[in-house]
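# Structural features, examined
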Amino acid sequence: MIKKLGYIIFVGLCIIIGLYPLLYFIIEEKIGILNSKSEMLLHDGLWNIGFYVHITLGGLALLIGWTQFNEKLREKNLELHRNLGKIYLVSVLLSGFSALYIASFATGGIVATLGFSCLAIIWLYSTTRAYLEIKNRSIRKHQKFMTYSYAACFAAVSLRIWLPILTAIFEDPLTAYKIVAWLCWIPNIIVAYFIIRRQNIISNK
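A few points on the structure.

Conventions used here
- Residues numbered from 1 in each chain as written.
- Predicted model: local features only at pLDDT ≥ 70, side-chain atom pairs only at ≥ 80, totals over all residues.
- Heavy atoms only, no water.
- Helix = DSSP H or I, 4+ residues; strand = E, 2+ residues; numbered from the N terminus.
- Core = buried A, V, L, I, M, F, W, Y, C linked by side-chain atoms within 4.5 Å.
- Buried < 20%, exposed > 50% of the residue type's maximum accessible area, 1.4 Å probe, protein only.
- Contact = heavy atoms within 4.5 Å.
- Phe/Tyr/Trp six-rings, centres within 6.5 Å; stacked < 30°, edge-to-face > 60°.
- Axes fitted to C-alpha atoms, helices over the stretch in contact; angles between N-to-C directions.
- Left-handed = near helix turned anticlockwise from the far one by under 90°.
- Nonpolar A, V, L, I, M, F, W, Y, C, P; charged D, E, K, R; others polar.
- Patch = residues over 30% accessible without salt bridge, like charges linked within 9 Å, V, L, I, M, F, W, Y side chains within 5 Å.
- Areas by Shrake-Rupley, 256 points an atom, 1.4 Å probe, with all protein chains shown as cover.
- Salt bridge = Lys/Arg side-chain N within 4 Å of Asp/Glu carboxyl O.

Its identity is not glycine, yet R137 carries a phi of approximately 65°, on the positive side. With respect to the secondary-structure elements, R137 resides in the loop between α7 (109–135) and α8 (139–153). A positive phi angle, close to 55°, is found at E171, a residue other than glycine.

Next up, the structure:
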């Protein structure tokens, strides 16, 4: 019962935050991270392309990525699993490289820039490795790197959970943002490691 409830909450968060970028296109006023950016940056064409590619395709990756771990869905429709995987791959590559670019303009300076840059690199690397492993028909390694990939993708959810908590604790949005640039993904990767380790133990029994 608890496991099922946890899964429902997990999927719900993936869908809600996956759809969140739509608000940037619907609401005319500045929202979210845009409120912390200078007018000069907000009128920079290249930054805007990078930002909107990142949030749109990153949201799409988050929105569909959880389905790749659903065994019933995968067994019932393998072709759908593969097609969604291709969409996820392209979305991550475009969103990840865009993230690397806009990370250099991150609120919080070099600390936040390094945090988000490391996240983008891990996301790109794990997703690329997952693709290469399945091309080589190495299913277990594919699953391993997909777990790390989606753990990095889930940082979009973690950030929105941690940021208000850290802001309340430190009473300083800037300090909170510097910390969340790392906290939004490091625990996720650690959790992914233990999930993979548990799966290896079960499969070796």
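A separate point is the nonpolar core. Grouped together as the largest cluster of nonpolar side chains are 38 residues, with contacts concentrated most on L62, Y88, F116 and C184. Where this core is concerned, the elements lending two or more residues are α1 (2–19), α4 (45–65), α6 (78–103), α7, α8, α9 (155–170), α10 (173–183) and α11 (186–203). Here this core takes seven residues from α8, the largest share from any one element. Ignoring sequence-local partners within four residues, the contact set of C184 consists of F116, L119, A155, S158 and L159. Ranked by size, the runner-up nonpolar core spans nine residues in total, among them Y24, I31, I55 and I102.

In this section: the packing of aromatic side chains. Following the criterion strictly, the structure yields 14 aromatic pairs and no others. Between the aromatic rings of Y24 and F51, the centroid separation amounts to 5.5 Å while the plane-to-plane angle is 75°, which identifies the pairing as edge-to-face. Remark: F51 occurs in helix α4 and Y24 occurs in helix α2 (residues 22–26); sequence separation between them is 27 residues. We classify Y24 as buried; its relative accessible area is 10%. Taken together, the aromatic side chains of Y20, Y24, F25, W47, F51 and Y52 make up a single cluster linked through ring pairs.

Moving on, we come to the environment of G18. Note on placement: G18 falls in helix α1. The class for G18 is buried, based on a relative accessible area of 9%. Sequence separation between G18 and V157 is 139 residues; the distance between their C-alpha atoms is 8.6 Å. Among residues more than four places away in sequence, those in contact with G18 are L13, G59, L60, L62 and L63.

A few words on the packing of α9 against α10. Running from N to C, α9 and α10 cross one another at 145°; their axes reach a closest spacing of 8 Å. Handedness of the α9/α10 crossing: right-handed. Contacts between α9 and α10 involve L159, W162, L163, L166, T167 and F170 from the first element and P173, T175, A176, Y177, I179, V180 and L183 from the second. Taken together, the residues that form the contact of α9 with α10 break down as 11 nonpolar, two polar and no charged.

This part is about a nonpolar patch on the surface. There is a patch of nonpolar side chains on the surface, built from I15, L19, L22, L23, F25, I26 and I27 and spanning about 610 Å² of accessible area. Looking at the nonpolar patch, the elements with two or more residues in it are α1 and α2. No other element matches α2, which puts four residues into the nonpolar patch.

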